[in-house]
Amino acid sequence: MSKADIFNRIRIGLHVPSDDSARREAVKARLDARKRNLIPQRAQLPENERLRLFIDMADEAAAELVELHSATELVGAIESWAQENGVSHLITASDEQIKNLDWSGNGTLVREERVAQVGDEASLTCAFCGIAETGTLMLYSGEDSPTTLNFLPDTHLVVLRASTIVGPYEDAWQMLRDATGGEMPRTVNLITGPSRSADIEQKLQMGAHGPRRLVIFLLHGE
């Protein structure tokens, strides 16, 4: 049974008409009218300090940062990173931000647009935004950026534009609602550093539930 079938049965059981526009507007009005939670002072910062906080928190979470002035430097930086780390194959998202990059260089890196599979060396995706409060990346799933890219490869490379970094989580969720018109994506991933666990004998194990390394290419310009 499909998800649509399940929701249709629930709708019939609740005697809800097929036209949900009125109910959607009611929910939107309730969300818009809701008072915001108490925001930590540390997340209420001017732009430059907010950027510095994100970098510091991401570093504390063991993420690796590569700062770039513009997107024109991105392909070269990725290829240099791959060569230095012995990575020859890169699985990428197919969104326009990545497809529109100039991948016509003479690098030896093989790039492939597809869902990730077990055993893939590295993946490249774009973050929707960054959250300075904890150095966290927000990514959401879609046809051009499947969630497998965020979890299966050993290394996750992420492109983040500095202009999209917000202070608290509340701003990130509001930004997502605005960008999607309230139609929330199926999956939203909040990623803070590489995957790790110390559940077994209190020994830190990197890559316990996802990538062993998280590399953020931080773009300061367009």
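Residues numbered from 1 in each chain as written. Predicted model: local features only at pLDDT ≥ 70, side-chain atom pairs only at ≥ 80, totals over all residues. Heavy atoms only, no water.

> So, the nonpolar core: which residues are in play, and what are the values?
Leu74, Ile78, Leu90, Trp103, Leu124, Leu157 and Phe217 are the most contacted members of the largest nonpolar core, which has 26 residues in total. In contact with leucine 90, not counting residues within four places along its chain, are Ile78, Trp103, Leu109, Val110, Arg111, Glu112, Ala122, Ser123, Leu124 and Leu157. (Core = buried A, V, L, I, M, F, W, Y, C linked by side-chain atoms within 4.5 Å. Buried < 20%, exposed > 50% of the residue type's maximum accessible area, 1.4 Å probe, protein only. Contact = heavy atoms within 4.5 Å.)

> For the layout of surface pockets, give the residues involved together with the corresponding values.
By volume, the largest pocket is sized at about 1,200 Å³. Along its surface, the largest pocket is lined by 29 residues, and Val27, Lys28, Leu31, Gly182 and Met184 are the ones closest to its centre. Contributing elements (two or more residues each) for the lining of the largest pocket: α1 (3–13), α2 (21–33) and α7 (169–180). Its boundaries defined by the atoms lining it, the second largest pocket holds a volume of some 300 Å³. Taken together, 15 residues make up the lining of the second largest pocket; nearest its centre are Gln97, Cys126, Ala127, Phe128 and Tyr140. Secondary structure elements with two or more residues in the lining of the second largest pocket: β6 (136–140) and β7 (155–161). Looking at the lining of the second largest pocket, its residues break down into seven nonpolar, five polar and three charged. (1 Å grid on protein atoms, 1.4 Å probe; cavity = no way out; pocket = protein on both sides within 12 Å on 5 of 7 lines; lining within 4 Å. Points joined across faces, edges and corners; volume = space filled by probe spheres on them. Helix = DSSP H or I, 4+ residues; strand = E, 2+ residues; numbered from the N terminus. Nonpolar A, V, L, I, M, F, W, Y, C, P; charged D, E, K, R; others polar.)

> Give a description of the sheet that holds strand β2 (residues 89–92) that names residues and reports values.
Overall, parallel pairing links the six strands, which are arranged β1-β12-β7-β4-β2-β3 in an open sheet. At either margin of the open sheet sits one strand with a lone partner, and together these are β1 (64–68) and β3 (110–113). On average, adjacent strands in this sheet sit at an angle of 25 degrees to one another, irrespective of strand direction. By the bridge criterion, four bridges tie β2 to β3 in an arrangement that is parallel. The residue bridging leucine 90 from the neighbouring strand is arginine 111, located in β3. Here helix α4 (residues 74–84) sits on the sheet and contacts β1, β2, β4 (122–126), β7 and β12 (213–219); the angle it forms with β12, its principal contact strand, is near 155 degrees. (Pairing = 2+ DSSP bridges. Axes fitted to C-alpha atoms, helices over the stretch in contact; angles between N-to-C directions.)

Read these as spatial facts, not as claims about activity.
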